[in-house]
Amino acid sequence: MVLATVYPSAGCGTASEPEGSRTPGPADTSLPSKGHQYALTWEFAHIADFDGELTDVAALAEDDIWAVGFERNGAADPQLLHYDGKRWKREPLPGALGPTDYAPVIDEVGEDVLWMRPRTDRVGTGVNRWAQWDGTRWSAVPSPPPGKLGLLDAADPDNVWALADEQTALHWDGTRWTTTRLPYRASDLAVAGPDDVWAVGGRSTGPGTRLSDGEHYDQPASMHWDGTSWRPVETPLVRFADPVPPEPSAGLSQVFVLDSGEVRAYGINSFNHGEVELEPADEAIRLRWTGSKWVDQESVLGRCARRTPVGQDDKGLFLDGNWYLTDDGRCLKIKRRRLPLSTGAGKGSHQSLWLTEIHRIPGTDDWLGAGKVEVNQSGDPFSAPVVVRLKRGG
């Protein structure tokens, strides 16, 4: 297999190749675009020369972009890539970073600073070593917290929150890490502003968690940090209509803060499928905070109805699975290019783009994504690690 490199100024695909084969899924019920006004396409900024995938991307500027991933060569060999405005180049992992046997995580903790941290604690000591990039060099992050952290969100380098486990949150104030206990299990958190942090998840006690027949029913939960403590916030109860299906469970998995400051939460009401003949459909939970209570979001048409946001620009929301919801309610599929034939992908190959992260380049309207193109074909299927850049218009 041969993989090619494509620079941001270069064209994507070839004239003989079709464009934009879709990610596998049910029929497209999205609304059509008005000519080329809303046309969106992921174009290749870089195709790495190894079989594997990219798991994260971050940028401080147009000429300072970093991506991490792994090469599939019998193990998940970590890879670090850097774009300096002229070309992409493989770089060694920073010496300040602790040992890792998987792709590390890159966190944007401000407009001028990136943090890189191991995804796993290979040596099992619980002592972490993190690295930070200031646009010029990698150095050690002072006093990173012990143990393996999950999600991390930052308003700025002196206001960083992270989940250590389901009921433990950590806060960095620029000087030290403070540990706080959450009222309920948390799956996600988001910083909305100073002394304004939200976490969402589920609870197994309290109102709505027991049915009349004694069966257990987890309920959605939300929590808010007001600068002093985490407080539980009343969250709407969720329940299937009778007869309730076996082993029901409802919870929130994501909290997202819009640029306007509005807080939204997303989750699902589900059950143990396959135990009864007549099953209801899983139900999406979509809430927004009014400032005093959670209410249902406005309904969304088409394929965007069950998808959750991964980013926002000044015209709408990027959703998981390469979809886009405009502010006026249009649900659009973000198209993509096919890999050039020089990568080893055949003309008749089935290709699907899977992005793990998307980010805006600071100070611009340009968006980058990192992930892989899965190429299914006879003889030589492979995964091409890619960085993509969003093209707007026809």
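Residues numbered from 1 in each chain as written. Predicted model: local features only at pLDDT ≥ 70, side-chain atom pairs only at ≥ 80, totals over all residues. Heavy atoms only, no water.

The chain is annotated in an unreviewed UniProt entry as Secreted protein of Streptomyces sp. 900105245.

(A) Region of interest: the overall build of the chain. Helix and strand content of the chain: 0 helices and 29 strands. Per-residue burial over the chain gives 48% buried out of 394 residues. Summarising the internal contacts of the chain: among those between residues at least 6 apart in sequence, 51% fall at separations of at least 24. (Helix = DSSP H or I, 4+ residues; strand = E, 2+ residues; numbered from the N terminus. Buried < 20%, exposed > 50% of the residue type's maximum accessible area, 1.4 Å probe, protein only. Contact = heavy atoms within 4.5 Å.)

(B) Molecular detail of the nonpolar core. One finds Trp42, Leu339 and Val386 to be the most contacted residues of the largest nonpolar core, which totals 21 residues. Among the elements of the structure, β1 (40–47), β27 (350–360), β28 (367–376) and β29 (382–392) are those that each provide at least two residues to this core. With 5 residues, the top contributor of residues to this core is β29. Val233, Leu252, Val257 and Val263 belong to the second-largest nonpolar core, a separate cluster that totals 19 residues. (Core = buried A, V, L, I, M, F, W, Y, C linked by side-chain atoms within 4.5 Å.)

(C) Looking closely at the sheet that holds strand β19 (residues 263–270). If you trace the 4 strands from one edge of the open sheet to the other, you get β18-β19-β20-β21, paired in antiparallel fashion. Edge positions in the sheet fall to β18 (249–257) and β21 (294–296), since each has one partner strand and no second. For this sheet the average axis-to-axis angle between neighbouring strands, irrespective of direction, equals 30 degrees. (Pairing = 2+ DSSP bridges. Axes fitted to C-alpha atoms, helices over the stretch in contact; angles between N-to-C directions.)

(D) The pairing of strand β16 (residues 219–225), seen in detail. For β16, the buried fraction is high: 7 of the 7 residues fall into the buried class. As judged from the 4 bridges shared by β16 and strand β17 (residues 230–233), these two strands associate in the antiparallel manner. Residue pairing for β17: His224 is matched across the bridge by Arg231. Count of turn residues in the β16/β17 antiparallel hairpin: 4 residues, of which Gly227 carries a positive phi of about 100 degrees.

(E) The pattern of salt bridges, seen in detail. By the definition in use, this model includes 19 salt bridges. Here Glu53 makes a salt bridge to Arg72, at a shortest N to O gap of 3.6 Å. Of this pair, Glu53 sits in strand β2 (residues 52–61) while Arg72 sits in strand β3 (residues 64–72), placing them 19 residues apart in sequence. A relative accessible area of 13% places Glu53 in the buried class. A relative accessible area of 39% means that Arg72 is categorised as partly exposed. Asp226 is the salt-bridge partner of Arg231, the closest N and O atoms lying 3.0 Å from each other. (Salt bridge = Lys/Arg side-chain N within 4 Å of Asp/Glu carboxyl O.)

(F) Representation of the packing of aromatic side chains within the structure. Throughout the structure, instances matching the rule amount to 19 aromatic pairs. Their ring planes at 70 degrees and their centres at 4.9 Å tell us that Trp66 and Trp133 sit as a pair that is edge-to-face. One end of the pair, Trp66, is in strand β3; the other, Trp133, is in strand β8 (residues 131–133), with 67 residues separating them in the sequence. Assigned by exposure class, Trp66 and Trp133 land together as buried. Taken together, a centroid distance of 5.6 Å and an interplanar angle of 90 degrees make the contact between Phe240 and Phe271 edge-to-face. Here Phe240 is found in the loop between β17 and β18, whereas its partner Phe271 is found in the loop between β19 and β20 (283–289), with 31 residues between them in sequence. Ring pairing ties together the aromatic residues Trp42, Phe318, Tyr324 and Trp367, which thus form one cluster. (Phe/Tyr/Trp six-rings, centres within 6.5 Å; stacked < 30°, edge-to-face > 60°.)

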